[in-house]
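# Tertiary structure, described
Below, each chain spelled out in residue letters.
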Amino acid sequence: MEPKEKRTKKIRKKLLHKYRLVVLNEETFEERFSFKLNRLNVFVFSIISAVLLIAITTFIIAFTPLREYIPGYSSTALKKKATELTYKTDSLKQVIEINEQYLSSIRKVLSGDIKTVNFNKDSVIEAAKIDISEINLSASKEDSILREKVAQEDKYNPLLSASEIGLVFFAPVKGTISEPYNPKAKHLAVDVVTVKDSPVKAAADGTVIFAGWTANTGNVIILEHSNNTITVYKHNASLNKSQGELVKGGEVIAVVGNTGELTTGPHLHFEIWREGYPVDPRDFIDFD
């Protein structure tokens, strides 16, 4: 026990032994200032200084822009730009996917490679149950005006304001149906035989989403209408509209022809698509 106590006292004495740190003028040896120190004070001061230095360095790295000058740390502005570019890239990917799906749908319309469904035209106007006795069936002024406009169907612009009555189909051409709509035979249209070079009119107001040439169907023009409806006009001799143009119902968009490999004479191959599915145009249009 005694050697241990002696060793403890010796260590304590060394730690608490006082020293004087004196700063002298090198030329005159004049004492400038001095400090009384011991080993324990120096040790404690060193520990506290190290902790403060670590704390200050951590604060600078974590909360100040000075960390950008430390190798391995990127700038805040660069990170912000990278994040914005990531969001933009993701948005562009979504737009590209939507465009690819849209183009794929147009390709299916052009090739006719799509499943068919039975479509009931009455489902277009289905609504809540209505009491028939409450409906006024007498002819209105608007009805008379509409009948007059329908009577002008053979003119180039039978409807001057079709938007006031919604989506109404008019015959793109008048003639005889040589081949009807037949999903089993994958004929998703009606072929209307008419006089060559007759004007082909837009079935309703819409936008030209395709106007070009295909080997099988010749000059083709496709219109997009409201209510997710598309009309297709094939085998035209020439096209009067370009992609992106707006057209009115009854406006001349092409000329009846005999172009493409899948044709045996002048006629119009006409299709109507609703919600991505083909429907029988005769449910909506009288071609006679």
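Provided above is the structure to which this section pertains.
Sequence order sets the numbering: in each chain, residues are counted from 1 along the sequence as written. Reporting in this predicted model follows two pLDDT cut-offs: at least 70 for local features of residues, and 80 or more for side-chain atom pairs to be given and counted; totals over whole chains, interfaces and linings ignore these cut-offs and use all residues. Hydrogens and waters are ignored; side-chain quantities use all the structure's heavy atoms.

On to the overall build of the chain, then. Scanning the chain from N- to C-terminus turns up four helices and 12 strands. Put simply, the chain has 288 residues, and 28% of those count as buried. Pairs of residues are marked as contacts when any of their non-hydrogen atoms sit within 4.5 Å. Of the contacts formed within the chain by residues at least 6 apart in sequence, a portion of 57% connects residues at least 24 apart. When the accessible surface of the chain is totalled, it reaches about 20300 Å², and 57% of it is carbon and sulfur. Put simply, DSSP marks the helices as runs of H or I at least four residues long and the strands as runs of E at least two long, and each gets a number from the N terminus on. Think of it in three bands: with a 1.4 Å probe and only protein chains considered, a residue is buried below 20% of the maximum accessible area for its type, exposed above 50%, and partly exposed in between. Each accessible area is a Shrake-Rupley result for a 1.4 Å probe, and residues are judged covered by the shown protein chains and nothing else.

Counting buried positions along strand β8 (residues 229-239) gives eight out of 11 residues, so the element sits mostly inside the fold. Only strands joined by at least two bridges in the DSSP assignment are considered to pair. Across six bridges, the pairing between strand β7 (residues 218-225) and β8 is antiparallel. Across the sheet, His-225 pairs through a bridge with Thr-229, a residue of β8. A loop of three residues connects β7 with β8, the two strands running antiparallel in sequence, and Asn-227 in this loop sits at a positive phi of about 60 degrees. Note: β8 against strand β11 (residues 267-274), six bridges, orientation antiparallel. Each bridged residue has a counterpart across the sheet, and for Tyr-233 the counterpart in β11 is Phe-270. Here β8 runs beside strand β10 (residues 252-256); their pairing, made up of three bridges, is antiparallel. By the bridge assignment for β10, Asn-236 is matched with Val-256.

Our next topic: the pattern of salt bridges. Think of a salt bridge as a Lys or Arg side-chain nitrogen and an Asp or Glu carboxyl oxygen that are within 4 Å of each other. This model, assessed by the stated rule, comprises four salt bridges. Here Lys-241 and Glu-251 are joined by a salt bridge, their closest N and O atoms 2.6 Å apart. Of the two residues, Lys-241 is situated in the loop between β8 and β9 (246-247) and Glu-251 in the loop between β9 and β10; the sequence distance between them amounts to 10 residues. When its relative accessible area of 16% is taken as the criterion, Lys-241 is described as buried.

As a further point, take the side chain of Thr-263. Looking at the secondary structure, you find Thr-263 in the loop between β10 and β11. The exposure class assigned to Thr-263 is buried, which follows from its relative accessible area of 15%. Here Gly-265 takes part through its backbone oxygen, which lies 3.1 Å from a polar atom of the side chain of Thr-263. Here a polar contact is recorded for every N or O atom pair within 3.5 Å, except that within protein the pair must consist of a potential hydrogen donor and a potential acceptor, and residues adjacent in sequence are included only if both atoms are side-chain atoms.

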